[in-house]
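# Breakdown of the fold
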Amino acid sequence: MEENNITLHVQNPDGSRTTLEAPVDMGLSLMEYLKACEYDILATCGGMALCATCCVDVLEGEDKLKEMSDDEYAMLDTLPDLLPNSRLACQLQLNHEMDGLVVKLHGTD
């Protein structure tokens, strides 16, 4: 793995995991990266924390993430099926601390 990349894992609806190598030197959010990898994320608001259509559930590595902002919390709080480990992918800037993170697109089982 290159110095400027981290490994991310996406849990698929069938329970299998896809491993991805993500760049941390391009200023991408997790939402932007997952969209670039052609995951089905609407991101209707374009990453402004205004729609919650990029919600992911963090299955492993939640402790590696920066604290949730008030705006992110307020938007997540509008979801009827919010989980304690749900986050907005648009608010998660890719960084070295996120290496090994495991996420699942919210609502996909």
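Below is a short write-up of the structure. What you see is a predicted model, and the numbers here were worked out from it, not measured in a lab.

## Focus on the sheet that holds strand 4 (residues 86–88)
Overall, mixed pairing links the five strands, which are arranged 2-1-5-3-4 in an open sheet. Two strands lie at the open edges of the sheet, namely strand 2 (17–23) and strand 4, each paired on one side alone. Ignoring strand direction, the axes of neighbouring strands in this sheet form an average angle of 40°.

## Topic: the environment of Asp 25
Relative to the helices and strands, Asp 25 resides in the loop between strand 2 and helix 1 (30–36). Linking Asp 25 and Leu 50, residues 25 residues apart in sequence, is a C-alpha distance of 25 Å. Looking at Asp 25, its side chain comes within polar contact range of the side chain of Asn 4, at 3.3 Å.

## Details of the pairing of strand 2
With seven bridges joining them, strand 1 (residues 5–11) and strand 2 adopt antiparallel strand pairing. In the strand pairing of strand 2, Asn 5 is matched with Pro 23. Between the end of strand 1 and the start of strand 2, which pair antiparallel, lie five residues, with Gly 15 showing a positive phi angle near 95°.

## A look at the nonpolar core
Membership of the largest hydrophobic core comes to 32 residues, with the highest contact counts inside it found for Leu 8, Leu 30, Leu 34, Leu 88 and Leu 94. The set of elements that each furnish at least two residues to this core consists of strand 1, strand 2, helix 1, strand 3 (55–60), helix 2 (70–76) and strand 5 (102–105). Here the element with the most residues in this core is helix 1; it accounts for four residues. Discounting residues that sit within four places of it in the chain, Leu 88 has contacts with Ala 49, Ala 52, Cys 54, Cys 55, Glu 72, Met 75 and Leu 76.

Conventions adopted
Residues numbered from 1 in each chain as written. Predicted model: local features only at pLDDT ≥ 70, side-chain atom pairs only at ≥ 80, totals over all residues. Heavy atoms only, no water. Pairing = 2+ DSSP bridges. Helix = DSSP H or I, 4+ residues; strand = E, 2+ residues; numbered from the N terminus. Axes fitted to C-alpha atoms, helices over the stretch in contact; angles between N-to-C directions. Polar contact = N/O pair within 3.5 Å; in protein donor to acceptor, adjacent residues only side chain to side chain. Core = buried A, V, L, I, M, F, W, Y, C linked by side-chain atoms within 4.5 Å. Buried < 20%, exposed > 50% of the residue type's maximum accessible area, 1.4 Å probe, protein only. Contact = heavy atoms within 4.5 Å.

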